[in-house]
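Observations on the model geometry
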Amino acid sequence: MGFSKDFVWGCATASYQVEGGYLDDGKGLNVWDICSHVPGFVRDGNNGDVTCDQYHKFKEDVKLMKEIGLKSYRFSVNWARVLPTGDVKDGINEAGLQYYSDLVDELLANGIEPYLTVFHWDYPNELFKRGGWLNPESPKWFENYTKVLVDRLSDRVTHWMTLNEPQCFVNLGHDTGVHAPGLKLPMVYLMEIYRNVLLAHGHACMTIRKYTKKPCEIGFAPVAGVDIPYTDSKEDIEAAKFSMFAIDSHDMLWKNSIWMDPIVLGKFPEGAKEYAGECWPNFTDEDLKIIHQPLDFFGMNSYQGNTVKHREDGKPGFEVLKREDGYDHTAIRWPITPKILYWGPVLFYERYKLPILVTENGMSNYDLVSEDGCVHDPQRIEFLKRYLREFKKASDVVPLKGYTQWSFMDNFEWAEGYNERFGIVYTDYVTGKRILKDSAKFYAEVIKTNGENL
């Protein structure tokens, strides 16, 4: 069947990872601004103060996007750049809001559709000091922030995502503490954060629908964990579903269904309350109505997966197969598992009945500038071929909206600093120079042929 004529090929970044300009033009501080300056928090003492400096070089970057032929650019807004304290009551930073307005204009002038993510982890520091996601007012803060963006940008932005990977910023930021704000909270507090994040998503959806100046599409971009059935047998497929969706441990805040079921299906997955026990938040019927808002697509942030098979004893559950010795992996040591872009869309669509948009997929690679001044990254080209062939196969059974490569350019990779290069554009962090990698040129051909060259 292949990709449809209206299939959208894009790339993605996130505000803190590429923008820089961390004290420019009235911007407030966020938790990553604070934590990345704490010795030992980020590898090699790196921070995002400058990173790719897209805040000052966005026109240069959009020119490269056009050269590649991108149809969409997924970016996020730095909350504290628009609202320095995070609270609309304390005033809007006009210069920060104008930056995003100018970015949107530049994208549209070059035929690239803006896909805006409202929140990608850079939580305002002043709101964090008021309790952050633990504060019961946090959904209202998020709603008000969303309205500021909708009021200014929805005459041009028609594709919105509320949250990026809540599993990561909740668990890594508030449980293990390896991401900002660096907390290690007990389960009872994590579950309160869970409730507030879900409510923030719901309120943001309602705000976008109510105030948008143009018809729009809304989704969100969770960690979409995918497990690959060992065979196509009914038993192994059921084992993969169990692994992806069943609540079977106290580590449930990483599970797909704990986030997606209430948002998409309007109910909590079986077993969630039992595993949370006394830590389960006081959700009301009204809460669930707010959380369960209609969405237009299912965002898949997917990079890797496990292969699973059914239990030989016939009981419900699964067995995770051991990886082969010397298995293929990326520079960040994530296994290369292309079949997630077939089985992910198939199993997520079966459960949630929403068209699939891959919102992130890509690889970290050992990239360097060669003597000829070019960046040759055949491994990334091979990665793209393998994953996109599986995604193309999924188009036979699932409605696919598009594919968003992570990332447009090398950038600040959170706790790993500048040690991981995910981009199809090379970034020289000393000079700020950008270089199209061979993978960018390959991706340009994929876009030009709508995947027929795969």
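Scope of this entry: the structure provided in the associated data block. (Residues numbered from 1 in each chain as written. Predicted model: local features only at pLDDT ≥ 70, side-chain atom pairs only at ≥ 80, totals over all residues. Heavy atoms only, no water.)

1. Overview of the overall build of the protein
Applicable threshold: Put simply, DSSP marks the helices as runs of H or I at least four residues long and the strands as runs of E at least two long, and each gets a number from the N terminus on. Only the C-alpha atoms count toward the radius of gyration. The rule for a globule is 2.2 Å times the residue count to the power 0.38. Accessible area is worked out with a 1.4 Å probe on protein chains only. A residue is then buried under 20% of its type maximum, exposed over 50%, and partly exposed in between. The contact rule is simple, with two residues in contact once any of their heavy atoms fall within 4.5 Å. Note on areas: Shrake-Rupley, 1.4 Å probe, and residue coverage restricted to the protein chains presented here.
Looking only at helices and strands, the protein features 16 helices and 13 strands. Taken over the C-alpha trace, the protein has a radius of gyration of 21 Å; the compact-globule value for 454 residues is 22 Å, and the two agree within 12%. Principal axes of the C-alpha set define a box for the protein whose edges measure 60 × 55 × 45 Å. When each of the 454 residues of the protein is scored for burial, the buried share is 61%. Of the contacts formed within the protein by residues at least 6 apart in sequence, a portion of 76% connects residues at least 24 apart. Only carbon and sulfur atoms are counted for the fraction: they give 51% of the accessible area of the protein, which is about 17800 Å².

2. Points about the pairing of strand β10 (residues 356-360)
Worth spelling out the cut-off: In this scheme, strands are said to pair when DSSP sees at least two bridges between them.
Of all five residues in β10, five are buried; the element is thus mostly enclosed. As judged from the four bridges shared by strand β7 (residues 298-301) and β10, these two strands associate in the parallel manner. Of the residues in β10, the one forming a bridge with Phe298 is Ile356. Two strands pair when backbone bridges link them, and β10 and strand β11 (residues 400-406) are joined in this way by three bridges, in the parallel orientation. Bridged to Leu357 within β11 is Gly402.

3. Considering the environment of Glu94
Looking at where Glu94 falls in the secondary structure, it is placed in helix α5 (residues 94-109). Judged by relative accessible area, Glu94 falls into the partly exposed class, the value being 40%. A sequence separation of 42 residues divides Glu94 from Pro136, and the C-alpha atoms of the two residues are 28 Å apart.

4. Considering helix α11 (residues 256-265)
When you tally the buried positions in α11, you get nine out of ten residues, the bulk of the element. Among the residues of α11, those classed as buried are Asn256, Ser257, Ile258, Trp259, Met260, Asp261, Pro262, Ile263 and Val264.

5. Details of the sheet that holds strand β6 (residues 226-229)
Basically, it comes down to this: Each axis is a line fitted through C-alpha atoms, and for a helix only the stretch in contact is used; angles between axes span 0 to 180 degrees, taken between their N-to-C directions.
Taken together, three strands build an open sheet; the order of strands is β6-β8-β9 and the sheet is mixed. Every interior strand has two partners, whereas the edge strands, β6 and β9 (319-320), have only one. For strand β8 (residues 305-309) and β9, the ladder comprises two bridges, and the chain directions are antiparallel. When the sheet's bridge partners are listed, Val308 is paired in β9 with Val320. Against the sheet, helix α10 (residues 234-245) makes contact with β6 and β8, and its axis sits at roughly 165° relative to β6, the strand it touches most. Each of β6 and β8 is contacted by helix α14 (residues 340-352), which is oriented at about 105° to β6, the strand it contacts most.

6. Focus on the layout of surface pockets
As a reminder, the rule being used: Method remark: on a 1 Å grid restricted to protein atoms, a set of points is classed as a cavity if a 1.4 Å probe fits but cannot get out and as a pocket if it is open with protein on both sides within 12 Å along at least five of seven lines; lining residues have an atom within 4 Å of a point. Grid points are joined across faces, edges and corners, and a volume is the space filled by probe spheres set on the points. Residue polarity follows a fixed list, in which Ala, Val, Leu, Ile, Met, Phe, Trp, Tyr, Cys and Pro are nonpolar, Asp, Glu, Lys and Arg are charged, and the others, Gly among them, are polar.
Computed from the structure, the largest pocket encloses a volume of approximately 1000 Å³. In this structure, the largest pocket is lined by 38 residues; those nearest its centre are Cys168, Val223, Trp254, Gln304 and Trp334. Sorting the residues of the lining of the largest pocket by element identifies α8 (166-174), β6, α10 and β8 as the ones contributing at least two each. Considering every element that reaches the lining of the largest pocket, the biggest residue donor is β8, with three residues. Of the residues assigned to the lining of the largest pocket, the class counts are 18 nonpolar, twelve polar and eight charged. In this structure, the second largest pocket occupies an estimated 580 Å³ of space. If you trace the second largest pocket, you find 22 residues lining it, with Ile228, Thr307, Glu324, Ile336 and Thr337 closest to the centre. Going through the elements one at a time, β6, α14 and α15 (378-394) are the ones with two or more residues in the lining of the second largest pocket. Counting residues per element, the lining of the second largest pocket draws most heavily on α15, which supplies three residues.

7. Overview of the sheet that holds β11
Across the sheet, which stays open at both edges, the eight strands sit in the order β5-β4-β3-β2-β1-β11-β10-β7 with parallel pairing between neighbours. Strands at the two margins of the open sheet, each flanked by one partner only, are β5 (217-221) and β7. Across the sheet, the mean angle separating the axes of adjacent strands is 25° when strand polarity is ignored. Here four bridges tie strand β3 (residues 113-119) to strand β4 (residues 159-164), and the two strands are oriented parallel to one another. Paired with Phe119 across the two strands is Leu163, which belongs to β4.

8. Describing a nonpolar patch on the surface
The cut-off we apply is this: Patch rule: a residue counts if its relative accessible area is over 30% and it has no salt bridge; like charges are joined within 9 Å, and nonpolar side chains (Val, Leu, Ile, Met, Phe, Trp, Tyr) within 5 Å. A pairing counts as a salt bridge when a side-chain nitrogen of Lys or Arg comes within 4 Å of a carboxyl oxygen of Asp or Glu.
On the surface, Leu23, Leu29 and Ile34 cluster together into a nonpolar patch covering about 240 Å² of accessible area. Relative to the helices and strands, Ile34 is located in helix α2 (residues 31-35). Here Ile34 falls in the partly exposed class, since its relative accessible area comes to 34%.

9. Here's the deal with the pairing of β5
Among the five residues in β5, four count as buried, and that is most of the element. One ladder, built from four bridges, connects β4 with β5; its direction is parallel. Bridge pairing in β5 links Asn164 to Ala221.

10. What about empty space enclosed by the protein?
Gaps left between atoms show up when a probe the size of a water molecule is rolled over them. The tally for this structure, following the rule as stated, stands at three cavities of 30 Å³ or more. Of the voids in this model, the largest cavity is the one considered here, and its volume is about 70 Å³. Around the largest cavity, the lining residues are Val31, Phe119, Trp121, Tyr123, Phe128, Gly132, Trp133, Phe169, His174, Ala180 and Pro181. A per-class count over the lining of the largest cavity returns nine nonpolar, two polar and no charged. As a volume, the second largest cavity reaches approximately 40 Å³. Together, Thr13, Ala14, Ser15, Val18, Glu19, Gln54, Tyr73, Phe75, Ser76, Tyr99, Tyr100 and Leu103 line the second largest cavity. Elements supplying a minimum of two residues to the lining of the second largest cavity: α1 (15-18), β2 (72-76) and α5.

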